[in-house]
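# Structural characterization, general
Here are the chains, one letter per residue:
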Amino acid sequence: MAELIVFWVFAPLAVASGIAMLLQRNAVYSALFLVVNFFALAVFFLMLGAEFLFAVQIIVYAGAIMVLFLFVIMLLGVDREERLVEPIRWQRPLGIFLGVGITAEIFAAVRAGVGFAAKAPGGFALVNQGGNAQAIAKVLFTDYFLPFEITSILLIVAAVAAMVLAHRRRGAVSGPPPAGPARPQPDREAEVAG
Amino acid sequence: MIRLPLVLFFSAVLFSTGVYGVLARRNGVLVLMSIELMLNAVNVNLVAFSQYVRDIGGQVFALFVIAVAAAEVGIGLAIVILIFRNRESINVDEVSLLKW
Amino acid sequence: MGWLDWMLLLARIVLTFFMLLFALVIVIWLERKFIADMQTRPGPLRAGPRGVLITLADGMKLFFKESFVPTLADRPVYLIAPILAVVPAFLAFSVIPWGTHVTLFGREIPFQIADLNIGILWVLAMTSMTVYAVVLAGWSSGSNYPLLGSVRSSAQMISYEVGMGLALISVLMFTGHLKMSEIVAGQGGYYWGFVPRWNFIPQFPAFLLYLIAGLAETNRPPFDLPEAESELVAGFHTEYSGWRFAMLYLGEYLNTITVAAIATTLFLGGWRGPHPSFLPWLWPIAWFALKILVIFYVYVWIRGTMPRIRYDRLMAFGWKLLIPLGLFWVLATGTIVLLPGLYGSRGRLVAVGLIVGIGMLLLLAADVLERPRSRSREGASP
């Protein structure tokens, strides 16, 4: 029962914040809505018996990745608004049609796969015995050890790649200065004229 | 216990939202954010199925997805910064040339 | 859980909340007194005996001041940011055991709101949220200095979070627990009969690493670049006034208390300490408060004696020194934990020898790698 309440509070919140993220013109607002979304999903992980993932979700996604997004948005000053008008006229109806189609397909797949009344059989507490983090560690460092190592290599490669890509050589022309929230810039011309 | 299809539909809706964002938004940063949304929807599925089949492997997989997503964001944002430096804009529609 | 348990939980939450507020009042006054003492001036004197009530007086003043929103500010974000500064700080404190327990109504009631399974990770998650307050406050002000402050802080806080995480991980590996209560329980007893078995003795590098990263996480001097008044007016809170400014200010001090409380719990044995047998629940709280104050005094001491460092030095320090040190110490802790199990009592000796040897090699390597580059840089500069 409690889980159902949690679901019906946080699922609409997650979907609404996801949609709000898409419809926002201001990139900073989009990022903030995505943070709300990640929090809602973290609560979902908690509900589904994944405490460790709850913490990882907040630390990595909300705490690091989204701050990185905000950092780039603020640094580039790309939070000025963006046109949301669709240039191709038939694309939107087609998209809606295909979306409905996929929804129907998912319904069919779920029905054929697990059935609408499928419930977790319970007893997941047994898997989580001794703590969820410990259970994950046990599997991660035995069965999934090679993927784990490969992931660490991937992260190092990504870090080096990001540095190589974004590194600016000394003496290169610096970009425009960071910019705050979208605001009118009234005095440019006046200054030039004056 | 929550019924599994509820969670599945929920994550499907989230995933589709992400797909729409990738296709419709022109801001490069927002495209990356939509990809994050899609990955998260997948994570919800993985964790839900992990509970359903009583195997912790699903959660481990979700952990890998998060790690890979972190790497992807790092590189993606570096590319966005590079594009911005070259074109003074991060509109992905304008990045249609392979060379300039 | 009956209604009595719920009421007790509520009572615990309220109690912790007011203890924190009380601690805030005392700590802010103490900081001003300490710093005044270091600068040979009296500090606050008038409000209350020796100026104890200065914080309350300041709070009243700020509360009754007009709290306006700048014209160019991004209104909703500007209004949310101060709240974000306070809420995660309180939440982070909820897993910290700040006393043992009392027995009421036939129940053992711990002085801790929730003993989560993921204890330390919860703290890490909540402290990583505090960056949003600073970043959003600076961005939404619609002014250049706050924006620079927030861009600085976002980079600074992510960077030092890594160092902080590494310090916490080595403690985790050493104690083998995530739960706060178990970490404190693991620090009972004595080495050689008289030295308390607190983690900061075997984990001294991690302790130092945590304290330094904590300074940067809470934007305290000498790492207060986001609010460097000599460069950025007041950094991210330049445009804030009235109670909103008070919230940002409180959030900062709350974070400092939380960092000190975590350091106490993880490294200094939490509420442990020798005490007489009467009122057995009171002494642990006093010990806990005392340890927090010691760490806090060190922080104020650093503030009173160190100049603010340059931003690029800050980042270089974080990435090139703290993080490699943290990684090295995680490896070292691994050998300390594992080798005695594999090779018996001789393993401990081997582990310490390995750590010292590899550490010296790394120092030598860093020295060799660093030398030619610094020379060429000197040669290049006119």
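Worth saying up front: this structure is predicted, and the values here are computed from it rather than measured.

## As for the overall build of chain B
When its secondary structure is counted, chain B shows three helices and zero strands. Mapped from its N terminus to its C terminus, chain B presents α and β elements in the order α-α-α. Whereas a compact globule of 100 residues would reach a radius of gyration of roughly 13 Å, chain B reaches 17 Å, over 25% beyond that. Burial analysis of chain B (100 residues in total) assigns 54% to the buried set. The long-range share in chain B, meaning contacts at least 24 apart out of those at least 6 apart in sequence, stands at 46%.

## Looking at the packing of helix H3 (residues 51-76) of chain A against helix H5 (residues 144-175) of chain C
Remark: H3(A) packs on H5(C), axes separated minimally by 10 Å, with the N-to-C direction vectors making an angle of 150°. Relative to H5(C), the element H3(A) lies roughly antiparallel. Like other packed secondary-structure pairs, H3(A) and H5(C) cross with a definite hand, here left-handed. Residue-level contacts link Ala64(A), Val67(A), Leu68(A), Leu70(A), Phe71(A), Met74(A) and Leu75(A) of H3(A) to Leu147(C), Ser150(C), Val151(C), Ser154(C), Ala155(C) and Ile158(C) of H5(C). Class assignment for the residues of the contact of H3(A) with H5(C) results in eleven nonpolar, two polar and no charged.

## Concerning the interface of chain A and chain B
Between chain A and chain B, the contact holds 64 residues from the first and 54 residues from the second. Elements that contribute at least two residues to the side of chain A that touches chain B include exactly helix H1 (2-23), helix H2 (27-47), H3, helix H4 (91-113), helix H5 (124-127), helix H6 (132-140) and helix H7 (145-166) of chain A. Here the side of chain A that touches chain B is built from residues that sort into 52 nonpolar, nine polar and three charged.

## With respect to the confidence of the model for chain A
Counting all residues, the mean pLDDT for chain A is 77, and 78% of those residues have values of 70 or more. Every residue in residues 183-194 of chain A scores below 50 in pLDDT, and together they form two contacts with partners more than four places removed in sequence or on other chains.

## Let's talk about unusual backbone geometry
Residues and elements named next belong to chain C. Despite not being glycine, Thr40 shows a phi value in the positive range, around 45°. We classify Thr40 as exposed; it has 6 C-beta atoms within 10 Å. Backbone geometry places Arg50, a non-glycine residue, at a positive phi of 55°. On the secondary structure map, Arg50 appears in the loop between helix H1 (3-38) and helix H2 (54-64).

## Here we look at the pairing of strand S1 (residues 101-104) of chain C
Residue and element names in this part refer to chain C. Of the pairings in the sheet, the one linking S1 to strand S2 (residues 107-110) comprises four bridges and is antiparallel in character. Across the sheet, residue Leu104 finds its bridge partner in S2, namely Arg107. Turn length for the S1-S2 hairpin, with the two strands adjacent in sequence and antiparallel, is two residues, and the turn residue Phe105 shows positive phi of about 50°.

## Some details on helix H3 (residues 75-93) of chain C
Taken as a whole, H3(C) carries its principal kink of about 25° at Ala81(C); the proline Pro82(C) stands between one and four residues after it. Of the surrounding secondary structure, the elements contacted by the buried residues of H3(C) are H1, helix H4 (119-140) and helix H9 (242-267) of chain C.

## Section: the interface of chain A and chain C
Between chain A and chain C, the residue contacts involve 22 residues of the former and 24 residues of the latter. Elements that contribute at least two residues to the side of chain A that touches chain C include exactly H3 and H6 of chain A. The element that contributes the greatest number of residues to the side of chain A that touches chain C is H3(A), accounting for 14 residues. The residue inventory of the side of chain A that touches chain C, partitioned by class, reads 16 nonpolar, four polar and two charged.

## Notes on the confidence of the model for chain B
Residues and elements named next belong to chain B. With 95% of its residues at a pLDDT of at least 70, chain B reaches an overall mean of 83. By mean pLDDT, helix H1 (residues 4-24) is the weakest element of chain B at 83, and helix H2 (residues 28-52) is the strongest at 88. Complex prediction metrics read pTM 0.81 and ipTM 0.86.

## So, the environment of Val151(C)
Residue and element names in this part refer to chain C. The topology assignment puts Val151 in helix H5. A tally of 20 C-beta atoms within 10 Å means that Val151 is categorised as buried. Residues Val151 and His177 lie 26 residues apart in sequence; the distance between their C-alpha atoms is 36 Å.

About the cut-offs
Residues numbered from 1 in each chain as written. Chains lettered and ligands numbered in written order. Predicted model: local features only at pLDDT ≥ 70, side-chain atom pairs only at ≥ 80, totals over all residues. Helix = DSSP H or I, 4+ residues; strand = E, 2+ residues; numbered from the N terminus. Rg over C-alpha atoms; globule rule 2.2 N^0.38 Å. Buried ≥ 20, exposed ≤ 12 C-beta atoms within 10 Å, placed from the backbone. Contact = placed C-beta atoms within 7 Å. Axes fitted to C-alpha atoms, helices over the stretch in contact; angles between N-to-C directions. Parallel < 35°, antiparallel > 145°, perpendicular 65-115°, else oblique. Left-handed = near helix turned anticlockwise from the far one by under 90°. Nonpolar A, V, L, I, M, F, W, Y, C, P; charged D, E, K, R; others polar. pLDDT = per-residue confidence, 0-100. Pairing = 2+ DSSP bridges. Bend = angle between axes of the 7 residues up to and from the residue.

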